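The primary structure of each chain is shown beneath.
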Amino acid sequence: FFSCSTLSLTIVFLAMDLIDDKLTSYLQDHKYLLAIHAAVCLAKKTLNRYYELTDTSEVYCIAMVLHPGHKLSYF
């Protein structure tokens, strides 16, 4: 995601989705210690708090609609 020379909001949101997916998979895997599980849970909670803020952002909506690959598929 971040190997390109310029970033766009769309790339940031897609990275957030990928991080959320990974955190979810770690939470479902019970091979990790309880402390790791608790840390991942807090990380997911923090990420979700920021992710929820995008729902009220007009810039987020505009960026996703203007992106040729996503358009209205995120809504």
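The structure we're discussing is the one just above.
Residues numbered from 1 in each chain as written. Predicted model: local features only at pLDDT ≥ 70, side-chain atom pairs only at ≥ 80, totals over all residues. Heavy atoms only, no water.

(A) Here's a closer look at the overall build of the chain. Of the regular secondary structure elements, the chain holds 3 helices and 0 strands. Ordering the α and β elements of the chain from the N terminus gives α-α-α. Classification of the 75 residues of the chain by burial places 20% in the buried group. Contacts spanning at least 24 positions in sequence make up 41% of the contacts within the chain whose residues lie at least 6 apart. Put simply, the chain shows about 5,700 Å² of open surface, and 66% of that area lies on carbon and sulfur atoms. (Helix = DSSP H or I, 4+ residues; strand = E, 2+ residues; numbered from the N terminus. Buried < 20%, exposed > 50% of the residue type's maximum accessible area, 1.4 Å probe, protein only. Contact = heavy atoms within 4.5 Å. Areas by Shrake-Rupley, 256 points an atom, 1.4 Å probe, with all protein chains shown as cover.)

(B) Here's a closer look at the side chain of K44. Summarising the element assignment, K44 is placed in helix α2 (residues 34-54). In this structure K44 touches D20, L23, T24 and L27, once residues within four positions along its chain are discounted.

(C) Spatial organisation of the pattern of salt bridges. Counted according to the given criterion, the structure contains 1 salt bridge. For K44, the salt bridge goes to D20, with nearest N and O atoms at 2.5 Å. In this pair, K44 sits in helix α2 while D20 sits in helix α1 (residues 9-28), placing the two residues 24 residues apart along the sequence. (Salt bridge = Lys/Arg side-chain N within 4 Å of Asp/Glu carboxyl O.)

(D) Representation of a nonpolar patch on the surface within the structure. A surface patch of nonpolar side chains, amounting to about 400 Å² of accessible area, comprises Y26, Y32, L33 and I36. When you line up the elements, Y26 lands in helix α1. (Patch = residues over 30% accessible without salt bridge, like charges linked within 9 Å, V, L, I, M, F, W, Y side chains within 5 Å.)

(E) Summary view of the packing of aromatic side chains. Applying the stated criterion across every chain, the model contains 1 aromatic pair. Sitting over the face of the ring of Y50, R49 holds its NZ or CZ atom 4.9 Å from the ring centroid. (Phe/Tyr/Trp six-rings, centres within 6.5 Å; stacked < 30°, edge-to-face > 60°. Lys NZ or Arg CZ within 6 Å of the ring centre and 35° of its normal.)

(F) Here's a closer look at the packing of α1 against helix α3 (residues 58-66). For the pair α1 and α3, the least separation of the axes is 9 Å and the interaxial angle reads 100 degrees. Considering their axes alone, α1 and α3 lie roughly perpendicular with respect to each other. Residues L9, T10 and F13 of α1 lie in contact with α3, whose contacting residues are V59, Y60, A63 and M64. Broken down by class, the residue content of the contact of α1 with α3 amounts to 6 nonpolar, 1 polar and no charged. (Axes fitted to C-alpha atoms, helices over the stretch in contact; angles between N-to-C directions. Parallel < 35°, antiparallel > 145°, perpendicular 65-115°, else oblique. Nonpolar A, V, L, I, M, F, W, Y, C, P; charged D, E, K, R; others polar.)

(G) Fine view of α2. Under the 1.5 Å per step criterion, the end-to-end length of α2 is 31 Å for 21 residues, consistent within 8% with the ideal 30 Å. Those residues of α2 that are buried lie in contact with α1 and α3. (Expected span 1.5 Å × (residues − 1).)

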